[in-house]
Amino acid sequence: MANFASNPSATFTVADQHLIYQAETGTTIDDNFRFVYTVYQDSVSSSNLLGKFYITANTNEYGFFNLSEVVRDLCAVDVKEEGSNNLIHSFTSNYFTRSNDNIKKFIVGIGEWNGTTETLDQATSTIHLIDGHFQISDGFEPSFSDYYGTASGRTFWLTNRRDVSNTITIDASIEDQGVVAFLNRSTISDVEDFVVKVYNSSDTLLDTVDIAINTANGAQLPSASTPTKGFLCYFGIYPGNIAEIDDIFNNNPTWEYYEVTPFSSPPSQKGNTIRINNKCSPAKQDSVQLGWTNSVGGWDYLRFDGKKQKTVSREEKTYRKLVGDYAGNAFTFQDFDREITPYQLEAKETYQLNSILTIEEVTLLQYCMRSKNVMLRLPLDAKLTSGWVPVTIQTNSMQIEEETVSKVFITSFNVELAQPIRC
């Protein structure tokens, strides 16, 4: 009978890494023998079977299987809020929204084929995966537990921003939008609510808002066992989102910053605090936001306050058209008739984003360089609806000075609209 000699120890982790299952058996292994791995999504049933894989035993009579090669592209950081076509960055219908496609439950089964008879799922193992990746340099089976809400020193939030003294700091203006993702499951996290505290420039507490993780606030209870989508949530934590739900900024016009801290019940801090500083937009031009999917299954953002530069370029293919009317009763043509004629014309928009960034922000920007999904928020009068548009990165390299005495960097970053302009 086949069983698992070993399997990934994490119950929640990122999909793009080595997820190795090692099978063994008490059955006598001959040339006909194969280990049979099955992969299911959500539950063990024929309708949920993603694939069946026959593995030859190695010389030590083990069969190894990498789940990542099967499922890593099945998870994707959400772009829309749950059950809606509304863009997730600008959602204001509630505090939280649950995942659509970012978290999935997979069950790996192990069985045997003896050359005649196939026996499936003699043992099974369950894992929950989200979009994201580890590098080879992180080693084999790197821990994802820093993103479990179990202690004040845990990162908890699914972000590549680094904390200082257990506080993650973000600069944002009142109109900036964005979400931060977190895992919402009582088996790996003790977080049950968030406390938002608003302060003025003198560090005087102006207001406190308690936000419970529950269905009324757009999530599901952390203790819920189904559905899987609710095991990952997004919190509209930026001023442009949270202000639409709770009028804390209009009630406290002198606010300078606010802090969001995850707590268990009874109250005990179970993850890093996020502090959002009120950074006003420059008066001479509109700021833009760059957002991208990060390496741990969430979204990260940066503001560019410098004057952006827009470039429109065009590409065309032409053909030579014969002038004159060959179908009439007399041949003629006009002196303004076109002979060289375009038949495929396409225009592109490129933006150069400029800003003065801190070393922490420049370091964060390297994760944008690695992202497969990057978006740009332009002023609302420049684009319709939400102002967010998909872009591709045109800056192919950047220098990251990780050991430097400089505290700020003048940064330019080029992106191209990922929607060709029809002409």
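How each quantity is defined
Residues numbered from 1 in each chain as written. Predicted model: local features only at pLDDT ≥ 70, side-chain atom pairs only at ≥ 80, totals over all residues. Heavy atoms only, no water. 1 Å grid on protein atoms, 1.4 Å probe; cavity = no way out; pocket = protein on both sides within 12 Å on 5 of 7 lines; lining within 4 Å. Points joined across faces, edges and corners; volume = space filled by probe spheres on them. Helix = DSSP H or I, 4+ residues; strand = E, 2+ residues; numbered from the N terminus. Nonpolar A, V, L, I, M, F, W, Y, C, P; charged D, E, K, R; others polar. Pairing = 2+ DSSP bridges. Axes fitted to C-alpha atoms, helices over the stretch in contact; angles between N-to-C directions. Salt bridge = Lys/Arg side-chain N within 4 Å of Asp/Glu carboxyl O. Buried < 20%, exposed > 50% of the residue type's maximum accessible area, 1.4 Å probe, protein only. Phe/Tyr/Trp six-rings, centres within 6.5 Å; stacked < 30°, edge-to-face > 60°. Lys NZ or Arg CZ within 6 Å of the ring centre and 35° of its normal.

(A) Region of interest: empty space enclosed by the protein. According to the stated counting rule, one finds two cavities of 30 Å³ or more in the structure shown. One number sums up the size of the largest cavity: a volume of about 50 Å³. Along the walls of the largest cavity sit R161, I170, D171, D176, Y238, Q289, Y301, L302, R303 and E361, which together make up its complete lining. In terms of residue count, strand β18 (residues 299–304) provides more of the lining of the largest cavity than any other element does, three residues in total. Grouping the constituent residues of the lining of the largest cavity by class yields four nonpolar, one polar and five charged. Put simply, the second largest cavity is a space of about 40 Å³. As for the second largest cavity, its lining consists of T159, R161, I168, I170, V180, Y238, I274, W299, D300 and Y301. Breaking the lining of the second largest cavity down by element, the ones donating at least two residues are β10 (167–172) and β18. In terms of residue count, β18 provides more of the lining of the second largest cavity than any other element does, three residues in total. Taken together, the residues of the lining of the second largest cavity break down into seven nonpolar, one polar and two charged.

(B) Region of interest: the sheet that holds strand β13 (residues 205–212). Pairing is mixed across the open sheet formed by five strands, whose spatial order is β10-β16-β15-β12-β13. Strands at the two margins of the open sheet, each flanked by one partner only, are β10 and β13. Across the sheet, the mean angle from the axis of one strand to that of its neighbour is 20°, orientation sign disregarded. In the sheet, strand β15 (residues 255–263) pairs with strand β16 (residues 273–278) via four bridges, with the strands oriented antiparallel. Counted as the bridge partner of E259 is R275 from β16.

(C) Local environment of the pattern of salt bridges. Scanning the entire structure with this criterion turns up 12 salt bridges. The partner of E69 in a salt bridge is R72, and the shortest N-O contact between them spans 3.4 Å. Its relative accessible area of 30% is what places R72 among the partly exposed residues. With its nearest N and O atoms 3.2 Å apart, the salt bridge here joins D305 to K279. Residue D305 is found in the loop between β18 and β19 (309–320), and its partner K279 is found in the loop between β16 and β17 (288–293); the two are separated by 26 residues along the sequence. One salt-bridge network, held together by shared partners, links D176, K279, R303, D305 and R377.

(D) The pairing of β16, seen in detail. Across six bridges, β10 lies against β16 in parallel orientation. Bridge assignment links T169 to a residue of β16, and that residue is R275.

(E) Examining the sheet that holds strand β3 (residues 20–25) more closely. In spatial order, the strands read β1-β3-β6; together these three strands make up an open sheet with antiparallel pairing. Edge positions in the sheet fall to β1 (2–6) and β6 (63–66), since each has one partner strand and no second. Pairs of neighbouring strands in the sheet enclose a mean axial angle of 35°, with direction left out of account. Note: β1 against β3, four bridges, orientation antiparallel. Paired with F4 across the two strands is A23, which belongs to β3.

(F) Up close: the packing of aromatic side chains. The final tally for this structure, using the stated rule, is 29 aromatic pairs. Centre to centre, the rings of F331 and F333 are 6.3 Å apart; their planes meet at 70°, and the pair counts as edge-to-face. F331 gets classed as partly exposed once you look at its relative accessible area, which sits at 47%. R275 extends its terminal NZ or CZ atom over the ring of Y257, reaching a point 3.6 Å from the ring centre. One cation-aromatic arrangement involves R370 over Y367; the distance from NZ or CZ to the ring centre is 4.8 Å.

Interpretation in functional terms is not warranted from these geometric data alone.
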